[in-house]
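# Coordinate analysis (summary)
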Amino acid sequence: MTDAVVTNRAMPVYQSAAFERRLRRRYAAERRFRFYGIAAIAVALGMLVLLLGTIVAKGYTAFWQHELRLEVFFDPAELDPQGTRDPAVIAQANFNTLARNALQAVLPDSGGREARRAVGELLSVGAQYELADMVAADPGLVGARRTVSLPLSDEVDQLLKGNISKTVPEAERRITDRQIAWVEQLQARGAVAAGFNTRLFTNGDSREPELAGLKAGLLGSMMTLLVTLVLSVPVGIAAAVYLEEFAPRNRLTELIEVNINNLAAVPSIIFGLLGLAVFLNLFGMPRSAPLVGGVVLALLVLPTIIIASRASLKAVPPSIREAALGIGASPLQVVTHHVLPLAMPGIMT
C-alpha cells in the first residue's frame, strides 16, 4: 500500500517535461540575445572599419606629391636689371618667367604662345614663390644656374597619382592630351619625382590644392584648446569643490545645480550663437577664432567639468575627511591636502 502511494506521487515541477521545455527555450533565448549583441558589435566595428578604410583609401595620396626637377637660370636681367642687389627690387621680379623658361628649355615642341601657356600650366603657381624664397635666402643665386625641385600643378599631380584617367575624353578632364604627352616626356627624362608632401603640414589655406596645408588648422586648434583649458579647468574644478565641499544646502545652491545640469544638455549651436551675439557684437572682442572660440568652448565644457569633478569628489570615502579633521586639519586643508589629490585622477578624465 505504501509502495503504491510512492509510485503514484506526482513528480516535482522542476523535473517535469514542461519545465524542461521552458528551460530549454530560456537558454535558447539567452543564446540568441548574446548572438544579437555580438552581431551588433561586429556590425558597428565593421562600419567603423569601412568608414576609416574609405577615408584612408581616398586620402592617403595627399601625403606625397610630385615635383619637377629643372635647371633654372636666375637671369640677372629679369631679377635685378640695375645690378643693385636690392632685396626689395628682387622681390618684385617675375620669378614665374624663370620657371617657365626652364620648363620650355626641356620641351622643344612647346613653341607658340598657346603652347607656352599650356606648358606653364604644368607647374604650380607656387613655383614662383619657392624660387623667390630661394633668392631671398641666398641673393648669390642671381646669375647662377641651379637644379631645383618645383611643385607640379594639381592636375598633373592627380594624373600621375592615377586619379585622372587618360582614357577619358579630353573634353571631360582638366588636362589636355598635349599636356599629357609633355608629362610623359618629362617622366622619360627622369625629371618627375614623388616625395613626401611636407607642404601639407607647413602651408596654410590656399586656393591651389597642391599648395594647401594643415598648418593654420592645426595651430588654430591647438591655440583654441589652450584657451579653453586655461579658462575651463581651473574655474570648473574650483566650482565643483565649492559646491561639493563648502556650499550650504539651500535653495540658491539647488538652483545653481539645476542650471549646471541644464547647461550640460544645451546644444552646442546655442553656445555658438551666444558667442556671436555677446562676445563679438556686444563686447566687441576681436574676431579671433582661438580667442572667441576658446571662450565659447570653455562655456560649453564647463558644466561637464563641474559635474565630472563633483562625481569624483563624492567618490572619495568620508573616512578620509573624518581622519583629516580628527588630526586637526582645517576644512580647506582637508580638501586641498587629501580629498582633491585623491579625486584628481577622476577629474582629469
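Residues numbered from 1 in each chain as written. Predicted model: local features only at pLDDT ≥ 70, side-chain atom pairs only at ≥ 80, totals over all residues. Heavy atoms only, no water.

### Focus: the confidence of the model for the chain
Of all residues in the chain, 95% attain a pLDDT of 70 or more, and the chain-wide mean is 87. Note that residues 1-8 has pLDDT below 50 and, in this model, 0 contacts with residues that lie over four places away or in other chains. (pLDDT = per-residue confidence, 0-100. Contact = heavy atoms within 4.5 Å.)

### Topic: the sheet that holds strand β2 (residues 145-151)
On the basis of which strands lie adjacent, the open sheet formed by 3 strands has the order β2-β1-β3 and antiparallel pairing. The open sheet terminates on both sides in strands that have one partner only, identified here as β2 and β3 (192-196). Direction aside, the axes of adjacent strands within the sheet are offset by 40° on average. Strands β1 (64-73) and β2 of the sheet are contacted by helix α5 (residues 95-105), whose axis makes an angle of about 90° with β1. Its contacts with the sheet place helix α7 (residues 126-137) against β1 and β2, and it is angled at close to 140° to β2. (Pairing = 2+ DSSP bridges. Helix = DSSP H or I, 4+ residues; strand = E, 2+ residues; numbered from the N terminus. Axes fitted to C-alpha atoms, helices over the stretch in contact; angles between N-to-C directions.)

### Remarks on the side chain of lysine 161
Examined against the element boundaries, lysine 161 turns out to sit in the loop between α8 (154-160) and α9 (177-188). Residue classification places lysine 161 among the buried residues on the basis of a relative accessible area of 16%. Separated by 2.7 Å, the side chain of lysine 161 and the backbone oxygen of threonine 61 make a polar contact. Every residue in contact with lysine 161, bar those within four places of it in the chain, is listed here: Thr61, Ala62, Trp64 and His66. (Buried < 20%, exposed > 50% of the residue type's maximum accessible area, 1.4 Å probe, protein only. Polar contact = N/O pair within 3.5 Å; in protein donor to acceptor, adjacent residues only side chain to side chain.)

### Focus: the packing of helix α6 (residues 113-120) against α9
Running from N to C, α6 and α9 point in directions that differ by 60°, and their axes come no closer than 10 Å. Between α6 and α9, the angle is such that the two are oblique. As for how α6 packs across α9, the hand of that crossing is right-handed. Contact with α6, carried on its side by Ala115, Ala118 and Val119, involves Arg178, Gln179 and Trp182 of α9 and no other residues of that element. Residues that form the contact of α6 with α9 fall into these classes: 4 nonpolar, 1 polar and 1 charged. (Parallel < 35°, antiparallel > 145°, perpendicular 65-115°, else oblique. Left-handed = near helix turned anticlockwise from the far one by under 90°. Nonpolar A, V, L, I, M, F, W, Y, C, P; charged D, E, K, R; others polar.)

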